[in-house]
Amino acid sequence: MSRKFVIYVDVDDTLIRTVGRKQIPIPSCADYVRQQFAQGHTLYCWSRGGEEYARNVAISLGIADCFVSFLPKPDVLLDDRLEQSLAHCEFVHPNNAAQAAISPDRDDST
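Residues numbered from 1 in each chain as written. Predicted model: local features only at pLDDT ≥ 70, side-chain atom pairs only at ≥ 80, totals over all residues. Heavy atoms only, no water.

S.K.: Looking at this model, I keep getting lost on the sheet that holds strand 4 (residues 42–47). Mind explaining?
M.R.: Within a sheet, adjacent strands bond to each other through the backbone by hydrogen bonds, running parallel or antiparallel. Across the sheet, 3 strands lie side by side as 1-4-5; this open sheet has parallel pairing. The sheet is open, and its two borders are formed by strand 1 (6–10) and strand 5 (67–72), each paired with just one other strand. Looking at each pair of strands side by side, their axes are set apart by 25° on average, direction ignored. When strand 1 meets strand 4, the two strands line up parallel, connected through 5 bridges. Looking at the pairing, I7 lines up with L43 of strand 4. With respect to the sheet, helix 1 (residues 27–38) is in contact with strand 1, strand 4 and strand 5, its orientation differing from that of strand 4 by roughly 150°. (Pairing = 2+ DSSP bridges. Helix = DSSP H or I, 4+ residues; strand = E, 2+ residues; numbered from the N terminus. Axes fitted to C-alpha atoms, helices over the stretch in contact; angles between N-to-C directions. Contact = heavy atoms within 4.5 Å.)

Structure (structure tokens):
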């Protein structure tokens, strides 16, 4: 069985683009969320706009059921390894979501 990952998904300029008052979905990112959920990974949706905003966008895209929870992005991070707190993360840019794959052989020792 392959390792399961915890994935945090941003809203603005990741799941949607906003032009004026119009929200434009980014289908490749919504598809990425569905694929990762189908593979059994744990997904959280977060945004500087807060948990309600994140939830509402996910609902509008039909992917709310893929997320364990909806969160605001942190303002402060308390961690004993601050300079390395996200060094273990694999980043997927929205433009690359259609062909993105999580590396199963990553070093998670940090």
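S.K.: Quick question: what am I supposed to make of helix 1 here?
M.R.: Each α-helix winds once per 3.6 residues, and so residues spaced three or four apart point in a common direction. Its 12 residues give helix 1 an end-to-end C-alpha distance of 16 Å, which sits within 8% of 16 Å, the value for a rise of 1.5 Å per residue. Of the residues making up helix 1, those classed as buried are C29, A30, Y32, V33 and Q36. Buried residues of helix 1 fall within an arc of 155° about the axis and therefore sit on the same side. Across from the buried face of helix 1, at angles greater than 90 degrees, the exposed residues are P27 and A38. Residues of helix 1 that are buried make contact with strand 1, strand 4 and strand 5. Just downstream of helix 1, G40 is the residue with a positive phi angle, here 90°. (Expected span 1.5 Å × (residues − 1). Buried < 20%, exposed > 50% of the residue type's maximum accessible area, 1.4 Å probe, protein only. Arc of directions from axis to C-beta.)

S.K.: Which parts of the structure should I look at to understand the nonpolar core?
M.R.: Inside soluble globular proteins, nonpolar side chains tend to come together where they are buried. With 24 residues, the main nonpolar core has V9, V11, L15, V33, C45, I63 and F67 as its most contacted residues. Of all the secondary-structure elements, those providing two or more residues to this core are strand 1, helix 1, strand 4, helix 2 (51–61) and strand 5. (Core = buried A, V, L, I, M, F, W, Y, C linked by side-chain atoms within 4.5 Å.)

S.K.: Can you help me understand helix 2 in this one?
M.R.: When we look at burial in helix 2, the residues that qualify are A54, V57, A58 and L61. End-on, the buried residues of helix 2 take up no more than an arc of 100°, which puts them together on one face. In this structure, helix 2 carries E52 and S60 as exposed residues pointing more than 90 degrees from its buried face. Remark: G62 follows helix 2 within two positions and exhibits a positive phi of approximately 75°.

S.K.: I would appreciate a short explanation of the pattern of salt bridges in the present structure.
M.R.: For side chains bearing opposite charge, pairing can occur when the charged atoms are close. Taken as a whole and assessed by the stated rule, the structure comprises 4 salt bridges. K73 is the partner of D10 in a salt bridge, and the nearest nitrogen-oxygen pair spans 3.2 Å. You can see D10 sitting in strand 1 and its partner K73 sitting in the segment after strand 5, a full 63 residues away along the chain. Given the relative accessible area of 18%, D10 is considered buried. Across the salt bridge formed by E51 and R55, the nearest N and O atoms sit 4.0 Å from each other. Taken together, the residues span about one helical turn, with E51 and R55 both in helix 2 at a distance of 4 residues. Given the relative accessible area of 41%, E51 is considered partly exposed. (Salt bridge = Lys/Arg side-chain N within 4 Å of Asp/Glu carboxyl O.)

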